[in-house]
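Each chain, letter by letter, is given below.
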Amino acid sequence: MTDAHDQPRALYPTGPISFGGQPAVQLRSPNGAQATILLHGAHVVSWIPAGHEEQLYLSSETTFGVGAAVRGGVPVIFPQFNQQGPLPKHGFARNRAWQVQVAEVRGEHAFAVLTLSDDEATRAIWPHAFTLELTVSVDDRRLEMELAVLNTGEAAFEFQAALHTYLGCGDVRHAQLEGLLDQNYHDAVLDQPRQQWIDVVTIAQEIDRIYWNAPKELTLRETGRRLLIQSHGFDDVVVWNPGPEKCAALPDMPDDDWLQMLCVEAAQIGDRVRLAGGQEWAAMQTLVIAD
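Residues numbered from 1 in each chain as written. Predicted model: local features only at pLDDT ≥ 70, side-chain atom pairs only at ≥ 80, totals over all residues. Heavy atoms only, no water.

Focus on the sheet that holds strand β6 (residues 99–106)
This is how the line gets drawn: In this analysis, strands are considered paired if DSSP registers two or more bridges between them. Runs of E in the DSSP output that reach at least two residues are strands. Runs of H or I that reach at least four are helices, and both are numbered from the N terminus.
The strand order across the open sheet formed by nine strands is β6-β7-β8-β9-β21-β18-β17-β12-β15, and the pairing between neighbours is antiparallel. The sheet terminates laterally at β6 and β15 (200–201), the two strands that pair on one side only. Pairing geometry for strand β12 (residues 176–178) and strand β17 (residues 217–222), over three bridges, is antiparallel. Of the residues in β17, the one forming a bridge with Q176 is R221.

A few points about empty space enclosed by the protein
Condition: Only protein atoms enter the 1 Å grid used here. Points where a 1.4 Å probe fits but cannot escape make up a cavity, open sets with protein on both sides within 12 Å along at least five of seven lines make up a pocket, and a residue lines them when an atom lies within 4 Å of a point. Grid points are joined across faces, edges and corners, and a volume is the space filled by probe spheres set on the points. Nonpolar residues are Ala, Val, Leu, Ile, Met, Phe, Trp, Tyr, Cys and Pro. Charged residues are Asp, Glu, Lys and Arg, and all others, Gly as well, are polar.
For the coordinates displayed, the defined rule picks out two cavities of 30 Å³ or more. If you add up the space inside the largest cavity, you get close to 50 Å³. If you go around the largest cavity, the residues you meet are P215, K216, L218, I229, Q230, S231, V237, V264, E265, A266 and Q285. Of all the secondary structure elements, the ones that give two or more residues to the lining of the largest cavity are β18 (225–232) and β20 (261–275). Across the lining of the largest cavity, the residue classes tally to six nonpolar, three polar and two charged.

With respect to the pairing of strand β3 (residues 34–38)
Cut-off, in case you're wondering: Burial status follows relative accessibility: with a 1.4 Å probe on protein chains alone, a residue under 20% of its type maximum counts as buried, one over 50% as exposed, and anything between as partly exposed.
The element β3 is largely enclosed, with a buried count of five among its five residues. Both faces of β3 are covered, namely the face carrying Q34, T36 and L38 and the face carrying A35 and I37. Direction of pairing for strand β2 (residues 22–28) relative to β3: antiparallel, over a ladder of five bridges. Bridge pairing links V25 to I37 in β3. A loop of five residues connects β2 with β3, the two strands running antiparallel in sequence, and G32 in this loop sits at a positive phi of about 100°. Pairing of β3 with strand β4 (residues 43–48), which is carried by five bridges, proceeds in the antiparallel orientation. Pairing of T36 across the sheet is with S46, part of β4. Between β3 and the antiparallel strand that follows it, β4, lie four residues; G41 among them carries a positive phi value of about 80°.

Examining the environment of G73
Definition in use: Whether two residues are in contact is decided by their heavy atoms, any of which lying within 4.5 Å being enough.
Checked against the element boundaries, G73 lands in the loop between β4 and β5 (76–77). As a C-alpha pair, G73 and Q55 span 18 residues in sequence and 9.3 Å in three-dimensional space. With residues near it in sequence (within four places) discarded, G73 still touches H43, V44, V45, L56, Y57, L58, H164, T165 and Y166.

Quick look at the side chain of D187
Keep this limit in mind: Note that His is not counted, nor are the chain ends; the positive residues are Lys and Arg, and the negative ones are Asp and Glu. Just to be clear on terms, a salt bridge is a Lys or Arg side-chain nitrogen sitting within 4 Å of an Asp or Glu carboxyl oxygen. Nitrogen and oxygen atoms within 3.5 Å of one another constitute a polar contact, given that in protein one can donate a hydrogen and the other can accept it, and given that sequence-neighbouring residues count only through two side-chain atoms.
With respect to the element layout, D187 can be found in strand β13 (residues 184–187). Of the buried charged residues, D187 lacks a salt bridge, with R209 as the closest side chain of opposite charge at 4.3 Å. Here L190 takes part through its backbone nitrogen, which lies 3.1 Å from a polar atom of the side chain of D187. Setting aside residues up to four positions removed in sequence, D187 forms contacts with Q192, R194, D208 and R209.

Read these as layout, nothing more, since geometry by itself doesn't imply function.
Written as structure tokens, this is what we have:
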């Protein structure tokens, strides 16, 4: 679990702050739940439910700023997953400056809407007209993140997408991810298809899996914590941890921090989404601290 890199310049119920030297929006619900979103990448870098500690992992050695891929939090992956295409790894949405359209409190929720549209730089590598919209909402023990994609042009396009969620762990070797029994997956470490034979996924070394047509609710258990991981509209789930050797080789992550995180990503990878001109697609990931 990580602490915030910066403290707010002023105490806004919901509003602008600086985080890692970058402009950000802090959401604070009436009951005290908080989330922080960088404008860079519309990247959620912190989620603190009411009465609880930080739930997301954020590397203390990550870099911030133009062109940087922040290590931790919830990167927005679009329009390409990993290196499954000609674009830079995980596409370009996580490295671009988004615009804040709304940031306010409504009832028990605090929420923000951020958007990204095509420009000359995106069209140079992906020649399509689009608008992305990320809506982030917090209340009490819940974080909701909805990603919408609108084709604003006339020509159809295809894309992949994911919310690359880094969950904080006390010690991932003692954590259990439940709900994937009998699911087919691609094991990227072994580069082969596999099937999940037991209900509990545990982590002792590198893991890199795409579960196809995954269940819509998983549970991450640790001592004193039960986190529900829900999705709607996403078909797949990615489970990733670099393990000790790959973690030690990452320049933006402390050597032993593989113990402090587990990525459980709501994703649309296997069946790419095709949008005709004017069409829209949306999907959501929700994290809930359970009793």
